[in-house]
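Residue-level structural notes
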Amino acid sequence: MSGLILCDRRSDVPYRITDAEINVYSLEEIAYFLYNNAYFVDDSFFKSDLVDYVEKHLKLSRVAQKLRYAMANRAGFYELVMIIMSSTSYYNDREIKEFEKELKAIGSKSMLEKMKARGDMLYDNKRFLSARKTYYNILKNKGREKQDNKFYSDVHTGLGKVYMKMFYFEKAVEEFKKAYDLSPLESTLTNLINAKLVMEYATDEMADLKEENTVFPALVLRCEEEFKDMMERIALGKEHERNTNIFTYDGKRNVDDFYEKADAEVESWKNEYRRSMI
């Protein structure tokens, strides 16, 4: 979270908004997050941990009591958000009225549409396992409401992107194929071709692009050329040069120092991967 937020009560102890991977320290910051991310959160945002934080760390017992009472009486997302918003002076009346309209518009979205938006947010915040779970839950609840093929194509596209980030290229190809079958657009076919090219590079096995060449040969050629150009840019980039220096022993450095730096770099990659697998 960036920018200056004026707070009436600020705690030295942060409250972690896990899905967004950010810490907040005041009710104003919680209100700010909800104001800017209301479409991507749901009732599960209002947990007992949040109420306890408001009460114990922000010393706002009246706000905590309102939230606790509303949650006990199964208040909706709109009511819970407005308790937070009305308990701060960060937003003026006009902004709150506009936000109320937005909340009502969000309320008109279907359950699966909200889940899809949540999955996209989790992916954007590199919460890949949580995003995958959300997309799968959409597919498991497929029969609960009517959505068109484009919607489910986008869900499978989301899963494909998640699997690409997780290096499960074969599964990514499967999901992009499902996305294309449901919505045979150039964009969905492009995702499928690119996933196959990445898998070819990773496995040294020739990509099977016969079907794609039959459907759209010019697109296959363009994707192959763009992939080749991208790999050449990567090879000439500073990050590639840096990694080459780290992992290539030149015979001049101390061997122990060389292995220590290489191990440290690998461990940093592992930690980054672990953080995304939650």
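The notes below deal with the structure included here. Keep in mind it's a predicted model, so treat the numbers as computed, not measured. Residue positions are given per chain, counting from 1 as you read along its sequence in written order. Local features in this predicted model are restricted to residues whose pLDDT is 70 or higher, and side-chain atom pairs enter the listing and the counts only when it is 80 or higher, whereas totals over whole chains, interfaces and linings include all residues. Water and hydrogen atoms were dropped before computing side-chain values, which therefore reflect all heavy atoms in the structure.

Looking now at helix H1 (residues 27-37). Residue burial is assigned from relative accessible area. The probe radius is 1.4 Å, only protein chains are included, and a residue is buried under 20% of its type maximum, exposed over 50%, and partly exposed in between. Under the DSSP-based scheme used, a helix requires at least four consecutive residues in state H or I and a strand at least two consecutive residues in state E, with every element numbered from the N terminus. Counting buried residues along H1, eight of its eleven residues qualify, which places the element largely inside the surrounding structure. Taken as a whole, H1 has its buried residues at Leu-27, Glu-28, Glu-29, Ile-30, Ala-31, Phe-33, Leu-34 and Asn-37.

This part takes up the pairing of strand E2 (residues 22-26). Pairing between strands requires that DSSP locate at least two bridges from one strand to the other. Here strand E1 (residues 10-17) pairs with E2 via four bridges, running antiparallel. Its bridge partner being in E2, Ile-17 is matched across the sheet by Ile-22.

Along the chain, the position of Lys-126 falls in the loop between helix H6 (111-124) and helix H7 (128-140). With relative accessibility at 52%, the residue Lys-126 sits in the exposed group. For the pair formed by Lys-126 and Glu-21, sequence separation is 105 residues and the distance between their alpha carbons is 9.1 Å.

With that settled, consider the packing of H6 against helix H8 (residues 149-165). Helix axes use the C-alpha atoms of the stretch in contact, all axes being lines fitted to C-alpha atoms, and the angles between their N-to-C directions lie in the range 0 to 180 degrees. One can describe the packing of H6 onto H8 by two numbers: an axis separation of 11 Å at closest approach and a directional angle of 20°. Taken together, H6 and H8 sit at an angle that is classed as roughly parallel. As H6 runs across H8, the sense of the crossing is left-handed. Counting all contacts with H6, which are made through Leu-112, Glu-113, Lys-116 and Tyr-123, the residues of H8 involved are Phe-151, Tyr-152, Asp-154, Val-155, Lys-161, Val-162 and Lys-165. Residue polarity follows a fixed list, in which Ala, Val, Leu, Ile, Met, Phe, Trp, Tyr, Cys and Pro are nonpolar, Asp, Glu, Lys and Arg are charged, and the others, Gly among them, are polar. Among the residues forming the contact of H6 with H8, the class breakdown is six nonpolar, no polar and five charged. Roughly parallel here means an angle under 35 degrees, roughly antiparallel means over 145, roughly perpendicular means 65 to 115, and every remaining angle is called oblique. Put simply, a crossing is left-handed when the front helix is turned counterclockwise from the back one by less than a right angle, and right-handed when it is turned clockwise. Any two residues whose heavy atoms approach within 4.5 Å at even a single point are treated as in contact.

This brings us to the pattern of salt bridges. Each salt bridge in this description consists of a side-chain nitrogen of Lys or Arg and a carboxyl oxygen of Asp or Glu lying within 4 Å of one another. Taken as a whole, this structure holds ten salt bridges when the rule is applied. Residue Glu-212 pairs with Lys-196 through a salt bridge whose shortest N-O separation is 2.9 Å. Of the two residues, Glu-212 is situated in helix H11 (residues 210-215) and Lys-196 in helix H10 (residues 186-203); the sequence distance between them amounts to 16 residues. Accessibility expressed as a relative area gives 2% for Glu-212, which makes it buried. The network of salt bridges with shared partners includes Asp-52, Glu-55 and Arg-68.

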